[in-house]
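Coordinate analysis (summary)
In case you want the letters, here they are:
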Amino acid sequence: MPLSARDTEAQLMNLLVEAARENRSPSSNREADLFRFAAQLLKSRYPHEANTLDAMAKHYFSQHKIKPRSFPQVVSDGLVSDVARLRHMLENRMAGIRAW
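So, here is what we can say about the structure in this document.

Re the packing of aromatic side chains
- The final tally for this structure, using the stated rule, is two aromatic pairs.
- The interplanar angle of 80° and the centroid separation of 6.2 Å between the aromatic rings of Tyr 60 and Phe 61 together place this pair among those described as edge-to-face. As far as the burial class goes, Tyr 60 and Phe 61 line up, both buried.

Here we look at unusual backbone geometry
- Of note in the backbone geometry, Asn 23 takes a positive phi value of approximately 55° without being a glycine.
- For Lys 65, which is not glycine, the phi dihedral falls at a positive 55°.
- With respect to the element layout, Lys 65 can be found in the loop between helix H3 (47-64) and helix H4 (71-76).

Quick notes on the environment of Tyr 46
- Tracing the backbone shows Tyr 46 in the loop between helix H2 (29-42) and H3.
- For the pair Tyr 46 and Ala 5, spaced 41 residues apart in sequence, the C-alpha to C-alpha distance is 26 Å.
- Aside from chain neighbours lying at most four places away, what touches Tyr 46 is Glu 91, Met 94 and Ala 95.

As for the packing of helix H1 (residues 5-22) against helix H5 (residues 83-94)
- Across the interface, H1 lies against H5 with an axial gap of 10 Å and an inter-helix angle of 55°. Here H1 lies oblique to H5, going by the angle between them. Relative to H5, the crossing made by H1 is right-handed. Contacts between H1 and H5 involve Glu 9, Ala 10, Leu 12, Met 13, Asn 14, Leu 16, Val 17 and Arg 21 from the former and Arg 85, Leu 86, Met 89, Leu 90, Arg 93 and Met 94 from the latter.
- Partitioned by chemical class, the residues of the contact of H1 with H5 number nine nonpolar, one polar and four charged.

Examining the pattern of salt bridges
- According to the stated counting rule, one finds six salt bridges in the structure shown.
- We note a salt bridge from Arg 45 to Glu 91, for which the minimum N-O separation is 3.2 Å. In this pair, Arg 45 is assigned in the loop between H2 and H3 and Glu 91 in helix H5, connecting sequence segments 46 residues apart.
- Among the charged side chains, a network of salt bridges with common partners joins Asp 33, Arg 69 and Asp 77.

Thresholds applied
- Residues numbered from 1 in each chain as written.
- Predicted model: local features only at pLDDT ≥ 70, side-chain atom pairs only at ≥ 80, totals over all residues.
- Heavy atoms only, no water.
- Phe/Tyr/Trp six-rings, centres within 6.5 Å; stacked < 30°, edge-to-face > 60°.
- Buried < 20%, exposed > 50% of the residue type's maximum accessible area, 1.4 Å probe, protein only.
- Helix = DSSP H or I, 4+ residues; strand = E, 2+ residues; numbered from the N terminus.
- Contact = heavy atoms within 4.5 Å.
- Axes fitted to C-alpha atoms, helices over the stretch in contact; angles between N-to-C directions.
- Parallel < 35°, antiparallel > 145°, perpendicular 65-115°, else oblique.
- Left-handed = near helix turned anticlockwise from the far one by under 90°.
- Nonpolar A, V, L, I, M, F, W, Y, C, P; charged D, E, K, R; others polar.
- Salt bridge = Lys/Arg side-chain N within 4 Å of Asp/Glu carboxyl O.

Okay, here's the thing in structure tokens:
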């Protein structure tokens, strides 16, 4: 059974927040791009977590000799559909708020 949009979104939030807090490495190019993108969204309010995500993404790209997508490409390729919503949800989740 396919996941609903909310379930997919919840999984993404869990992935990004856990990675930021636990130094979890990305497991794919897609995840590395999302880690890097999320780091940019979090850097003003959560600099430590943003640095963690960015460092893990950079390590992945270096290790696999892959060029990261540009931030506009992350959006145009559909990895992120609503940047403002993603930022809001990430900041809420980082603060412990799980509301939609």
